[in-house]
Amino acid sequence: MADHDKIVIRGAKENNLKNVSLEIPRNRLVVMTGLSGSGKTSLAFDTIYAEGQRRYVESLSAYARQFLGGVEKPNVESIEGLSPAISIDQKTTSNNPRSTVGTVTEIYDYLRLLYGRVGVPYCPKHDVPISGQTIPEMCQAIMEMPDRSRLTVLAPIVKNRKGTFKDTFARLLKEGYIRVRCDGEMRMLEDDIVLEKNIRHDIEVVIDRIIKTEDSRSRINDSLETALRVGGGRVIVSDGEKETMFSSSYACPECGFSIPNLEPRLFSFNAPLGACENCKVLGFTEEVDIDELIPDREKTIRQGAIRYNKNIVDTENIEWQTFEILCRHYDISLDVPVSSLSEKQMDIILHGSDRPISYQLRSSSGNEYKRNDYIEGIKDLIERRYRDTSSSMVKDWLHSFMKETKCPVCKGKRLNPQALSVRVGNKNISEFTALSVVNAKQFISSLSLDVEKAKIADLVIKEIDNRLSFLHNVGLDYLTLDRLAGTLSGGEAQRIRLATQIGSRLSGVLYVMDEPSIGLHQRDNSKLIATMKDMRDLGNSLIVVEHDEETMMESDWIIDVGPGAGVHGGQIMAQGTPQEVMQSENSITGAYLSGRKIIPLPKKRREGNGNLIEIKGASEHNLKNINVKIPLGKLVVVTGVSGSGKSTLVNDVFMKAVQQKLGRVRVYPGRFRSISGLENIDKLVQIDQQPIGRTPRSNPATYTGVFDDIRDVYAKTPEARMRRYDKGRFSFNTK
C-alpha cells in the first residue's frame, strides 16, 4: 500500500496494548475482533479515535480550545495518515424526556418545516378547513357579546421574543398610541418601560377601549382594521374576563377557533408557541396515585389508612385538625374501613369541601384561629404542595404518592390544540410521528398535494424520505418517530447515529464503531452491512469493533487482537483479508471462521425443576393477546426479529409482574390477563445494558463488594492496628 492509502500506527501502548505497530488500509471496511478484553477498544477508540480527536482540537484556535478543555495524547509513538475521526459507540442517545427518534435523526425538523409551509388547519370541533376571517365577520362576532361590555382591542406585535424593545415603544408613542400590555400587565407608553433583555415577552398595543352598544359597530370596525394592520393580521378582543383572538389568516367560521400564522416553531414541543401548557411538553402529568395514598382500604382512617397523615392521627397538628373538621362536617366516620365509605365521601376526602366551612383551630401553643373557607382534600393538598414546594426533601417525600398519567389536555401528544389542528394528507404532525418508519415512508411516498404545494414541499419531502430510508436500511423500520430516545437499546441508539451520519453524506472521514450489530436480528444484518459499505463507498474509512461472523466475512480487512484478555492480550495475532485471517495459525478468530474450531451443541439439556410461569393474554404495546409458558430452572432465550415484542414481554410484562409480587408496589406491569406460578420465585435480579458505574470512583472491586473485604484485611495488619487505622482509612470515599 502507498503511504496515503493506509493508517500507520507505531508503538501503541495504551492500556494493555504491547507496543503494537501495524498498518490499516484507508477507505476500507476494517473489522477489529478478538476475545473480550483483548485490547480491541483500546486500539480503536482509546488510541486511533482519541488521537484523531486530539489533533482536531489542537487545530482550533487557542480561544476555541479553552471551551473544549484539554485532550490527552494517547500512549502511542506516532500515527500517520489519520483522517478526521467520528465515534459511534453504544452510549444511549439521550435521557432528555423531550428527545425522540424524530428529533435525534432531525426528521422532526423537516416535518415542522413541511407542516409550517403546506399544512391545512382544521377546526378541532367542526372538522372543517379553516381560513382567514374578514373584518365584517369579526365585527359580527363582537357584536354578539353582551351589551355594555367593556372591550379592549389589542394588536399583538411581539410574541414570545427576547429583548428590551425600547425602539418599539418609542415608535408606538410617536405614532400616537398611549398604552401597551406587556406580559399581561397594562403599561403607559409615556412611562419608562424596562423589560428584562434575556426573558421572552409578549407585547400588545391597545388600539381602542370601547363600551359595546348597538351604536358602536362602526367604531369597532375601524378599530379592527387598525389592529389588523398593526398586529400583522391578528387582533385580540378582551372583555376583562375572556379574550378572543381573531385572525385574518386562520379562523373557524362556526366557532371562531383561530390559530397564529403557520410557521415551523408552532410544531415544536420545545418552543412555548407550540407546546402544551398543561404538561410542560412531557406528554404526562403527575397526580396522586390513590393506591399509594391508601394502600390498605380495609383499615380505618384512625388506624392510618391514609398514608399521608397516618403519623398525625389524633394529634394537635393543624392539618389533622382541619381534616377531622372536614370529615365531621360531612358525617364521615374515622372508625370504619375506607372500603365501606361511599363514592361521595371518598370524593370529599380526596378533593375537599364543595362549599365554605366555618371552623376554629387551636395550635399546640394555645393560639386559636377562626376561618370560613373551603377545606382542601388530601389529594388536592398533596398535588398543590408538590407543585409549590422548593424543598427537595419535601418534594421527594410527596413524589412517593405520585404517578405519571397521560396529559388530559394533549393526550400525550405534547403539542397545543392549535398545532394539532394542522394536517398534511389528513394527518396532524403527532399522528405522523406515531407511525413506524416503514409506514411513515409509505405515507410520505404516497402523499398527494396540489401543484403549488408540491413545488413548495418537494425538497423537504425528498429529505424526509431519504432519512426514513436510512433508518430502514439499518434495520430500524419498526421504530416509531415519537419513541423516546431514552428507551432505545445501545445497539438501536448506535444505528440511529449511524443513519444520521449517512444522511450527512460526508467523505474522507474515519468512523470508529463499537459493535453496531448488537441486538440486531440476523435477518436485518445484511441491511446494516450494506449501509456500512455505502459509507465506505462515499470515500470514508470504517474501523468496526465487532464479533459478528457475517460482518467479519463481508469486511475488507480483519485485525485479530489477542491472544487472551487483560495482561494476556494486547497483541496483533493476525491481519489481512478474511481469507488470510482464516488461514492464520495464530488467530483464534480465524480458526472458528474456517471451521477448524467449533462450539458443539450440548448433547443433554437441563431438565429444570418442573415449575413454570404461565402468562395469559399479554397485550402490551404490539403483543397480540399472547399466551406464554416459561419453564423454571432452565436457561430460557426469548428471540425474534428486532421490534417483535421480546422486550415488551420480558421486561414490561413478566419482570414488572414479578417485581410487583415481590413488594415493589410502584412498578406497573404491562397489560395481561393473568400470570400463574409467581409463588415459585422469591428473588429477581435485572441485568440490562446500563453502565454499572455512576461515578468516577466506581470500579469492579467496589461494585462487586470485594473491596470491603480487601479493606478489612488491610485494617487487620499489624501496622494498621499499631496506628489505629480502621477500614475507613483505606477507603477513597472518606477523607
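Remember, predicted model here, so these are calculated numbers, not experimental data. (Residues numbered from 1 in each chain as written. Predicted model: local features only at pLDDT ≥ 70, side-chain atom pairs only at ≥ 80, totals over all residues. Heavy atoms only, no water.)

Novice: How should I be thinking about the packing of helix 5 (residues 135-143) against helix 7 (residues 217-230) in this particular structure?
Specialist: If you want to describe how two helices pack, look at the angle between their axes and the distance between the axes. Where helix 5 meets helix 7, the closest approach of the two axes is 10 Å, and the angle between their N-to-C directions is 125°. As judged from the angle between their axes, helix 5 and helix 7 are oblique. Along this stretch, helix 5 crosses helix 7, giving a crossing that reads as right-handed. Residues Ile 135, Met 138, Cys 139, Gln 140, Ile 142 and Met 143 of helix 5 pack against Arg 217, Ile 220, Asn 221, Leu 224, Glu 225 and Leu 228 of helix 7. Of the residues assigned to the contact of helix 5 with helix 7, the class counts are 8 nonpolar, 2 polar and 2 charged. (Axes fitted to C-alpha atoms, helices over the stretch in contact; angles between N-to-C directions. Helix = DSSP H or I, 4+ residues; strand = E, 2+ residues; numbered from the N terminus. Parallel < 35°, antiparallel > 145°, perpendicular 65-115°, else oblique. Left-handed = near helix turned anticlockwise from the far one by under 90°. Contact = heavy atoms within 4.5 Å. Nonpolar A, V, L, I, M, F, W, Y, C, P; charged D, E, K, R; others polar.)

Novice: Even after reading the chapter, I still don't get the packing of aromatic side chains, so can you show me in this structure?
Specialist: The geometry of two aromatic rings is summed up by the distance between their centres and the angle between their planes. Per the counting criterion, the structure on display carries 10 aromatic pairs. Judged by centre distance (5.2 Å) and plane angle (35°), the ring pair of Tyr 108 and Phe 269 falls under tilted. Of the two residues, Tyr 108 is situated in helix 4 (residues 107-118) and Phe 269 in the loop between strand 12 (243-247) and strand 13 (284-288); the sequence distance between them amounts to 161 residues. Like Phe 269, Tyr 108 is buried. Their ring planes at 75° and their centres at 6.3 Å tell us that Tyr 725 and Phe 730 sit as a pair that is edge-to-face. An aromatic cluster is defined as three or more aromatic residues linked by ring pairs; in this entry it consists of Tyr 308, Trp 397 and Phe 401. (Phe/Tyr/Trp six-rings, centres within 6.5 Å; stacked < 30°, edge-to-face > 60°. Buried < 20%, exposed > 50% of the residue type's maximum accessible area, 1.4 Å probe, protein only.)

Novice: Looking at this model, I keep getting lost on the side chain of Thr 405. Mind explaining?
Specialist: Counting through the fold element by element, Thr 405 comes out in strand 16 (residues 402-406). If we skip the residues at most four places from it in the chain, Thr 405 touches Phe 284, Thr 285 and Glu 287.

Novice: I would appreciate a short explanation of the sheet that holds strand 24 (residues 626-631) in the present structure.
Specialist: Sheet strands line up and pair through hydrogen bonds in the backbone, either parallel or antiparallel. Strand order in the open sheet formed by 3 strands is 24-23-25, with antiparallel pairing between adjacent strands. Two strands lie at the open edges of the sheet, namely strand 24 and strand 25 (674-676), each paired on one side alone. For this sheet, the mean inter-axis angle between neighbouring strands, taken without regard to orientation, is 10°. Here strand 23 (residues 612-618) runs beside strand 25; their pairing, made up of 3 bridges, is antiparallel. Residue pairing in the sheet places Glu 614 in a bridge with Ser 676 of strand 25. Those strands touched by helix 22 (residues 646-661) are strand 23, strand 24 and strand 25, and its axis lies near 120° from that of strand 23. (Pairing = 2+ DSSP bridges.)

Novice: It is not clear to me how the sheet that holds strand 2 (residues 20-25) should be interpreted in this structure. Could you clarify?
Specialist: As summarised here, the arrangement of the 3 strands in space is 2-1-4, forming an open sheet in which the pairing is antiparallel. Bordering the open sheet on either side are strand 2 and strand 4 (76-80), each of which pairs with just one other strand. Strand-to-strand twist across the sheet, computed as the mean angle between neighbouring axes with direction ignored, equals 5°. Across 5 bridges, the pairing between strand 1 (residues 6-12) and strand 2 is antiparallel. Looking across to strand 2, one finds that Ile 9 is bridged to Leu 22. Along the sheet face, helix 1 (residues 40-58) touches strand 1, strand 2 and strand 4 and points at about 70° away from the line of strand 4.

Novice: So what exactly am I meant to see when it comes to helix 24 (residues 706-715) here?
Specialist: Since there are 3.6 residues in each turn of an α-helix, residues three or four apart along the chain are aligned in direction. Of all the residues in helix 24, the buried ones are Phe 707, Arg 711 and Ala 715. For helix 24, the arc enclosing every buried residue in end-on projection is 80°, short of the 170-degree limit, so these residues lie on one face. Tucked inside the fold, the buried residues of helix 24 contact helix 23 (700-704) and helix 25 (718-722). (Arc of directions from axis to C-beta.)

Novice: Where do I start with the nonpolar core in this structure?
Specialist: Generally speaking, soluble globular proteins have nonpolar side chains that are buried together. Core analysis: the biggest nonpolar cluster contains 60 residues, and Leu 111, Leu 114, Leu 471, Leu 481, Met 513 and Met 532 have the highest contact counts within it. Ranked by the residues each element gives to this core, the list is headed by helix 16 (residues 451-473), at 7 residues. Excluding residues that lie within four positions of it along the chain, Leu 114 makes contacts with Gly 119, Val 424, Ile 444, Ala 457, Val 460, Ile 461 and Ile 464. Listed in part, the 34 residues of the second largest apolar core include Leu 293, Cys 327, Leu 334 and Leu 398. (Core = buried A, V, L, I, M, F, W, Y, C linked by side-chain atoms within 4.5 Å.)

Novice: Please clarify how unusual backbone geometry should be interpreted in this entry.
Specialist: Across residues other than glycine, the phi torsion is negative in most instances, and most of the peptide bonds are trans. Along the chain, Gly 562 connects to Pro 563 via a cis peptide bond; the corresponding omega equals 0°. Among the structural elements, Pro 563 can be located in the loop between strand 21 (557-562) and strand 22 (571-576). Backbone geometry places Arg 148, a non-glycine residue, at a positive phi of 65°. Backbone geometry at Arg 414 places phi at a positive 70°, although glycine is not the residue there. Along the polypeptide, Arg 414 turns up in the loop between strand 16 and helix 13 (417-420). You can call Arg 414 buried: its relative accessible area is 7%.

Novice: Please explain the packing of helix 11 (residues 378-388) against helix 12 (residues 392-399) as it appears in this structure.
Specialist: It is at 9 Å that the axes of helix 11 and helix 12 come closest, and there the two elements cross at 145°. In this structure, helix 11 crosses over helix 12, and the sense of that crossing is left-handed. For the pair helix 11 and helix 12, contact is made by Ile 382, Arg 385 and Tyr 386 and by Lys 395, Leu 398 and His 399, respectively. The class makeup of the residues in the contact of helix 11 with helix 12 is 3 nonpolar, 1 polar and 2 charged.

Novice: Even after reading the chapter, I still don't get the environment of Thr 300, so can you show me in this structure?
Specialist: Here Thr 300 shows up in the loop between helix 8 (290-293) and helix 9 (318-329). In this structure Thr 300 comes out as buried when scored by relative accessible area, which is 8%. C-alpha of Thr 300 to C-alpha of Phe 401: the two residues are 101 residues apart in sequence and 19 Å apart in space. Other than its neighbours up to four places away in sequence, Thr 300 contacts Ala 305, Leu 334, Asp 335, Val 336 and Pro 337.

Novice: I tried to follow the confidence of the model for the chain on my own but got confused; where do I start?
Specialist: Here the chain averages 88 in pLDDT, while 97% of its residues score no lower than 70. Per-residue pLDDT, averaged within each element of the chain, yields its smallest value for helix 17 (residues 490-504) (77) and its largest for strand 3 (residues 29-34) (96). (pLDDT = per-residue confidence, 0-100.)

Novice: How should the side chain of Ser 38 be read in this particular structure?
Specialist: On the secondary structure map, Ser 38 appears in the loop between strand 3 and helix 1. Within the local environment of Ser 38, its side chain forms a polar contact with the backbone oxygen of Val 561, the two atoms lying 3.3 Å apart. Dropping the residues within four chain positions of it, Ser 38 is found in contact with Asn 16, Val 561, Gly 562, Gly 564, Ala 565, Gly 569 and Gly 570. (Polar contact = N/O pair within 3.5 Å; in protein donor to acceptor, adjacent residues only side chain to side chain.)

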